[in-house]
Amino acid sequence: MNCPLCERVTKTQNHNYPYLIHEFKHSYLMLGEHQFYQGYSVLVAKEHYKEMSDMPLPLQTEVFQEMMKSSKAIESAFSPKKMNMCSLGNVVAHVHWHFFPRYDSDPQFYDPPWLRMKDFDAAKVSPEEARLNITKIQSSLLALG
Ligand SMILES: [Zn+2]
């Protein structure tokens, strides 16, 4: 199988992925490779499922709790006006969730974050910014317990 997210999971398991924030039981929380929205992160399921509804119910429930904890941690680290979460998977059909913190300063606050996709490349995260934002979210996770 040629799945970029399965490859990323393997890289992470081999300690070879630089943007890991946290390892949950069933998923990895990773900082997004751009920070157009400060704190943008992605939660990737460890196992390959096309749809979350394909997972056995206990797994769905636990992954959902990992999502909620991720969302809470990002929210408490960056104090956005609103959290946007989305799971599409049309491009990479491996269950993952995008967390887009949205701010008052956002000129298109009422639009879906993907409308600014063309600006994402210009906001590629630097190693320093990545370290800082990863540490912030890790601290929030610790505080959440
Ligand atoms: Zn996969």
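A few points on the structure. (Residues numbered from 1 in each chain as written. Predicted model: local features only at pLDDT ≥ 70, side-chain atom pairs only at ≥ 80, totals over all residues. Heavy atoms only, no water.)

## Some details on the pattern of salt bridges
As a working rule, side chains carrying opposite charge can pair if their charged atoms are close by.
Alright, step 1. All told, the structure shown has six salt bridges when counted by the stated rule.
Alright, step 2. Among the salt bridges present, the one from Asp119 reaches Lys118, with a minimum N-O distance of 3.8 Å.
Alright, step 3. Residue class for Asp119 comes out partly exposed when judged on its relative accessible area of 22%.
Alright, step 4. Assessed through its relative accessible area of 69%, Lys118 is described here as exposed.
Alright, step 5. Overlapping salt bridges bring together Arg116, Lys118 and Asp119 as one network. (Salt bridge = Lys/Arg side-chain N within 4 Å of Asp/Glu carboxyl O. Buried < 20%, exposed > 50% of the residue type's maximum accessible area, 1.4 Å probe, protein only.)

## Some points on the coordination of the zinc ion
Alright, step 1. Here the zinc ion is held by Cys3 (SG), Cys6 (SG), His48 (ND1) and His94 (ND1), and the distances to it run 2.0 to 2.3 Å.
Alright, step 2. Taken together, the four donor atoms coordinating the zinc ion and their angles of 106 to 116 degrees define a geometry best described as tetrahedral.
Alright, step 3. Counting gaps between the donor residues of the zinc ion yields the pattern C-x2-C-x41-H-x45-H. Here His94 lies in the loop between strand S4 (82-86) and strand S5 (96-102) and Cys3 lies in the segment before helix H1 (4-13), a separation of 91 residues in the sequence.
Alright, step 4. Residue His94 is classed as buried on the basis of its relative accessible area, which comes to 1%. (Donors = N, O, S within 2.8 Å, 3.2 Å for Na, K, Ca; no water. Tetrahedral: all angles 85-135°; square planar, octahedral: opposite > 155°, others 65-115°. Helix = DSSP H or I, 4+ residues; strand = E, 2+ residues; numbered from the N terminus.)

## Description of the layout of surface pockets
To find the voids left in a structure, one rolls a probe of water-molecule size over its atoms.
Alright, step 1. Its volume calculated, the largest pocket comes out at about 650 Å³.
Alright, step 2. Only H1 and S5 provide two or more residues apiece to the lining of the largest pocket.
Alright, step 3. In terms of residue count, the dominant contributor to the lining of the largest pocket is H1 (three residues).
Alright, step 4. Considering only residue class, the lining of the largest pocket consists of 12 nonpolar, six polar and four charged. (1 Å grid on protein atoms, 1.4 Å probe; cavity = no way out; pocket = protein on both sides within 12 Å on 5 of 7 lines; lining within 4 Å. Points joined across faces, edges and corners; volume = space filled by probe spheres on them. Nonpolar A, V, L, I, M, F, W, Y, C, P; charged D, E, K, R; others polar.)

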